[in-house]
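Architecture at a glance
Now for the letters of each chain:
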Amino acid sequence: MNVEAIHNDIYREMQNAYFTKDPYVIYVEQTGEDFDTEYTQSLLDSGKASEYRIALQYTSPTTTVKDFGLDAFPNRLSTFSTNYVNNPNRTTNLRLASNKINGTVVMPGETFSFNQVVGQRTRAAGYKDAAMFSDGMVTNGLGGGICQISTTLYNAALYANLDIVERRNHQFVPSYIGAGRDATVVYGSQDFK
């Protein structure tokens, strides 16, 4: 067994994210991967076992694309906003979902998934019961109101001319947007991408 050849296949140097302006290019961070070749070779040379497990060592980058500020993304592609009535529980849900999305960077070729980025709406995550559409009527439910965030994001993506991969509208017209301009989300079944 050639330990050096295996090491060459596995080894990856850690790289912090960075960008250049002329030409404008973003270089995504990369986690480093390595293992101790001398230790591994000594295990093999000992011949004490027929199988060995070697721990990989990971080195995390200190700068990621999410750390970039406006210097890296100076061109605003679009904006969109919706108005809401202040309800403490609904406002909590809106803030939680917005905070999960803020700072998300979607690189060329990647697909943004609202449900993946925001995650499951649970009490442990801080979500509250608030008004939502469910089974053809308005009811209180955990995470109620966050469809306003997916709707606002959907409209910003439309104005930015981004490809919409997956989107469904509500059965009813929500109060914060016109007909056909909403994007409903239900964790595990309906996503906005």
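In short, a report on the structure.

Reading the values: the criteria
- Residues numbered from 1 in each chain as written.
- Predicted model: local features only at pLDDT ≥ 70, side-chain atom pairs only at ≥ 80, totals over all residues.
- Heavy atoms only, no water.
- Helix = DSSP H or I, 4+ residues; strand = E, 2+ residues; numbered from the N terminus.
- Rg over C-alpha atoms; globule rule 2.2 N^0.38 Å.
- Buried < 20%, exposed > 50% of the residue type's maximum accessible area, 1.4 Å probe, protein only.
- Contact = heavy atoms within 4.5 Å.
- Areas by Shrake-Rupley, 256 points an atom, 1.4 Å probe, with all protein chains shown as cover.
- Arc of directions from axis to C-beta.
- Polar contact = N/O pair within 3.5 Å; in protein donor to acceptor, adjacent residues only side chain to side chain.
- Salt bridge = Lys/Arg side-chain N within 4 Å of Asp/Glu carboxyl O.
- Core = buried A, V, L, I, M, F, W, Y, C linked by side-chain atoms within 4.5 Å.

**So, the overall build of the chain**
Within the chain, the regular secondary structure consists of 5 helices and 6 strands. Along the chain, from the amino end to the carboxyl end, the secondary structure elements read α-β-β-β-α-β-α-α-β-β-α. Its C-alpha atoms give the chain a radius of gyration of 23 Å, clearly above 16 Å, the size a compact globule of 193 residues would have. With the C-alpha coordinates aligned to their principal axes, the bounding extent of the chain is approximately 70 × 45 × 30 Å. Split into buried and exposed, the 193 residues of the chain put 30% on the buried side. Nonlocal contacts in the chain, meaning residues at least 24 apart in sequence, comprise 59% of its contacts between residues at least 6 apart. Accessible surface, the chain as shown: approximately 12800 Å² in total, 48% of it carbon and sulfur.

**Thoughts on helix H2 (residues 37–46)**
Of all the residues in H2, the buried ones are Thr37, Thr40 and Leu43. End-on view of H2: buried residues confined to an arc of 125°, all on one side of the axis. Opposite the buried face of H2, by more than 90 degrees, sit the exposed residues Glu38 and Asp45. Summarising the contacts, the buried residues of H2 are in contact with helix H1 (3–10). The distance from a side-chain oxygen at the start of H2 to the backbone nitrogen of glutamate 38 is 3.1 Å, and the residue carrying that oxygen is aspartate 36. Once H2 ends, the next one or two residues include glycine 47, with phi positive near 65°.

**Points about the pattern of salt bridges**
Tallied over the full model, the rule gives 3 salt bridges. Salt-bridge contacts for arginine 12 lead to glutamate 33; the nearest nitrogen and oxygen are separated by 3.2 Å. In this pair, arginine 12 is assigned in the loop between H1 and strand S1 (18–21) and glutamate 33 in strand S3 (residues 32–34), connecting sequence segments 21 residues apart.

**What to know about the nonpolar core**
If you look at the biggest cluster of nonpolar residues, it comprises 17 residues, and the most contacted ones within it are Ala97, Phe114 and Phe192. Elements represented by at least two residues in this core include exactly helix H3 (88–101), helix H4 (114–118) and helix H5 (147–159). In terms of residues, this core owes the most to one element, H5, which gives 4 residues. In this structure phenylalanine 114 touches Ala97, Ile101, Gly119, Arg121, Ile146, Ile149, Ser150, Val185, Asp191 and Phe192, once residues within four positions along its chain are discounted.

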